[in-house]
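Summary of the model geometry
This is what each chain is made of:
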Amino acid sequence: MELPRCWNCNHQFVWKDLCFRIKPCPSCGESQYLTKGSRNKALLFTPICSIFIVAMIILDINNIITACITGVLLLAIYTICPFIYQFTDREQPFI
Ligand SMILES: [Zn+2]
């Protein structure tokens, strides 16, 4: 897996520029917008996480274990999401 590149100058981003917030390209300064496909892939993690959390609550798993697993899931999402991103020059509609 490779980190995404700027749509304008092809500069390859580093992970820390994308993990919490998508920043403009450090090389050319252009704003980066997620493509519709990559945004949809990133959004797939939300229901997966929700199902895990609801399942742990239904199964009456210890709150501390639930919190730990939720933390690990969030960390995994923040780690993986930048590798899914692809950028374009303009914001694309959700649908
Ligand atoms: Zn650039």
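Here the structure is a predicted model, which means the values were calculated and not measured. (Residues numbered from 1 in each chain as written. Predicted model: local features only at pLDDT ≥ 70, side-chain atom pairs only at ≥ 80, totals over all residues. Heavy atoms only, no water.)

Further remarks concern the overall build of the chain. Looking only at helices and strands, one finds three helices and two strands in the chain. Across its three principal directions, the C-alpha atoms of the chain cover 50 × 30 × 20 Å. By the burial criterion, 26% of the 95 residues in the chain qualify as buried. Contacts spanning at least 24 positions in sequence make up 61% of the contacts within the chain whose residues lie at least 6 apart. With an accessible surface of roughly 6,600 Å², the chain has 64% of that area assigned to carbon and sulfur atoms. On the chain, the mean spot of the 8 positive side-chain charges and the mean spot of the 6 negative ones are 3 Å from each other. (Helix = DSSP H or I, 4+ residues; strand = E, 2+ residues; numbered from the N terminus. Buried < 20%, exposed > 50% of the residue type's maximum accessible area, 1.4 Å probe, protein only. Contact = heavy atoms within 4.5 Å. Areas by Shrake-Rupley, 256 points an atom, 1.4 Å probe, with all protein chains shown as cover. Lys, Arg positive; Asp, Glu negative; His and termini not counted. Charge placed at Lys NZ, Arg CZ, Asp CG, Glu CD.)

What follows is about the layout of surface pockets. For the largest pocket, the calculated volume is near 290 Å³. The wall of the largest pocket is formed by 17 residues, among which A42, I77, Y78, C81 and Y85 lie closest to the centre. Elements that contribute at least two residues to the lining of the largest pocket include exactly α1 (36–43), α2 (45–58) and α3 (63–84). Among the elements that make up the lining of the largest pocket, the one with the highest residue count is α3 (four residues). (1 Å grid on protein atoms, 1.4 Å probe; cavity = no way out; pocket = protein on both sides within 12 Å on 5 of 7 lines; lining within 4 Å. Points joined across faces, edges and corners; volume = space filled by probe spheres on them.)

Our next topic: the packing of aromatic side chains. By the definition in use, this model includes two aromatic pairs. The interplanar angle of 70 degrees and the centroid separation of 5.3 Å between the aromatic rings of F13 and F87 together place this pair among those described as edge-to-face. Highlighted residues: F13 in the segment before β1 (33–34) and F87 in strand β2 (residues 87–88), separated in sequence by 74 residues. Residues F13 and F87 agree in their burial class; the two are buried. (Phe/Tyr/Trp six-rings, centres within 6.5 Å; stacked < 30°, edge-to-face > 60°.)

Moving on, we come to the environment of L43. Along the chain, L43 turns up in helix α1. L43 sits in the partly exposed class, given a relative accessible area of 41%. Considered as a pair, L43 and C81 are 38 residues apart in the sequence and their alpha carbons are 9.4 Å apart.

On to the coordination of the zinc ion, then. Taken together, the protein donors to the zinc ion comprise C6 (SG), C9 (SG), C25 (SG) and C28 (SG), at separations of 2.3 Å. Because the angles between the four donor atoms bound to the zinc ion fall within 106 to 116 degrees, the donor set is best described as tetrahedral. Each donor residue of the zinc ion lies on the same chain, and together they follow the pattern C-x2-C-x15-C-x2-C. In this structure C6 comes out as buried when scored by relative accessible area, which is 4%. (Donors = N, O, S within 2.8 Å, 3.2 Å for Na, K, Ca; no water. Tetrahedral: all angles 85-135°; square planar, octahedral: opposite > 155°, others 65-115°.)

With that out of the way, let us pick up the pattern of salt bridges. Inspection of the entire model under this criterion finds two salt bridges. The salt bridge partner of E2 is R5, with a shortest N-O separation of 4.0 Å. Residue R5 is classed as partly exposed on the basis of its relative accessible area of 35%. Residue R90 is joined to D89 by a salt bridge in which the shortest nitrogen-to-oxygen separation is 3.7 Å. Judged by its relative accessible area of 35%, D89 is partly exposed. (Salt bridge = Lys/Arg side-chain N within 4 Å of Asp/Glu carboxyl O.)

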